[in-house]
Amino acid sequence: MDSYVFEDALTGSTVTCSYPGLDARLRGEAENGNASKQCESLFFPGCSLLNYGLPLVQSVYDLLREAGQVKGISLLCCGMILRYEPDGKTVRTTYERQFCDHVAASGVKRIVAACPNCVSALRAMLLADELTAGVEVVALPQVLVGLGYRIDADAARRMLRAQARAGSSPLPTEAGGSPSSSSAEFEAELPSLFSVHDSC
């Protein structure tokens, strides 16, 4: 079992996760002495990627940080799931207020989000608050294409076939059918990610 340690830029907490199994341990900001530090840009992997691809979260975060695209990470939820909870509207309103307070206190100007639903939820939430209305939320595929990254289509097909044979749920092989309107930004960059590129 591998351990991954992240310093959450929005909460000041240290989060240690084991994988597989996602056993998470939290050390709060009071214990760390890490009350909100300034972080102009951060990676926001979202709940799905955290739960199903923790090693990928670490790899993407390292890549984005080394490329100067982000300075920190947040493992918080975008809050979209709260709408399905009892008293969801009230709970989500409170959560969004606290989230926006953390973003403003941390000085965040840009968020790179890995999930189409997170992009949509974050944009709506941040735009509705005068302190965070100017925060840019960018879809991860756009950033990867901008950095010159491409996916080997044949290798991706082989991996998907291997996952299907092993009984895993493979990722969709074609864009479409996503529940979020912001998925168009993700889908728009897929042809670019799969195109031939000499530098990769």
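Refer to the structure printed above.
Residues numbered from 1 in each chain as written. Predicted model: local features only at pLDDT ≥ 70, side-chain atom pairs only at ≥ 80, totals over all residues. Heavy atoms only, no water.

**Focus: the sheet that holds strand E2 (residues 14-19)**
As a reminder, the rule being used: For two strands to be treated as a pair, DSSP must find no fewer than two bridges joining them. Numbering of helices and strands starts at the N terminus; helices are DSSP runs of H or I of at least 4 residues and strands are runs of E of at least 2. Only the contacting stretch of a helix is used when fitting its axis, a line to C-alpha atoms as for every element, and angles between N-to-C directions run 0 to 180 degrees. When checking whether two residues touch, look at their non-hydrogen atoms; a contact exists if any pair is within 4.5 Å.
Read across the open sheet, the 3 strands follow the order E1-E2-E3; overall the sheet is antiparallel. Edge positions in the sheet fall to strand E1 (2-7) and strand E3 (23-27), since each has one partner strand and no second. Neighbour-to-neighbour, the strand axes of the sheet open up by a mean angle of 20°, direction not taken into account. Against the sheet, helix H3 (residues 54-66) makes contact with E1 and E2, and its axis sits at roughly 45° relative to E1, the strand it touches most.

**Some remarks on the pairing of E1**
Judged from the 6 bridges that link them, E1 and E2 form a sheet pairing that is antiparallel. Among the inter-strand pairings, Ser3 is bridged to a residue of E2, identified as Ser18.

**A word on the side chain of Arg92**
Checked against the element boundaries, Arg92 lands in helix H4 (residues 88-106). Every residue in contact with Arg92, bar those within four places of it in the chain, is listed here: Gly79, Met80, Leu82, Arg83 and Ala121.

**With respect to the sheet that holds strand E5 (residues 72-73)**
Consider a sheet: its strands pair through backbone hydrogen bonds, and that pairing is either parallel or antiparallel. The strand order across the open sheet formed by 4 strands is E5-E4-E6-E7, and the pairing between neighbours is parallel. The sheet is open, and its two borders are formed by E5 and strand E7 (136-139), each paired with just one other strand. Sheet topology places strand E6 (residues 110-113) next to E7; 4 bridges connect them, and they run parallel. In the strand pairing of E7, Ile111 is matched with Val137. In this fold H3 packs onto strand E4 (41-44), E5 and E6, with an angle of close to 160° to the strand it touches most, E4. Relative to the sheet, helix H5 (residues 116-127) contacts E4, E6 and E7, its axis offset from that of E7 by approximately 170°.

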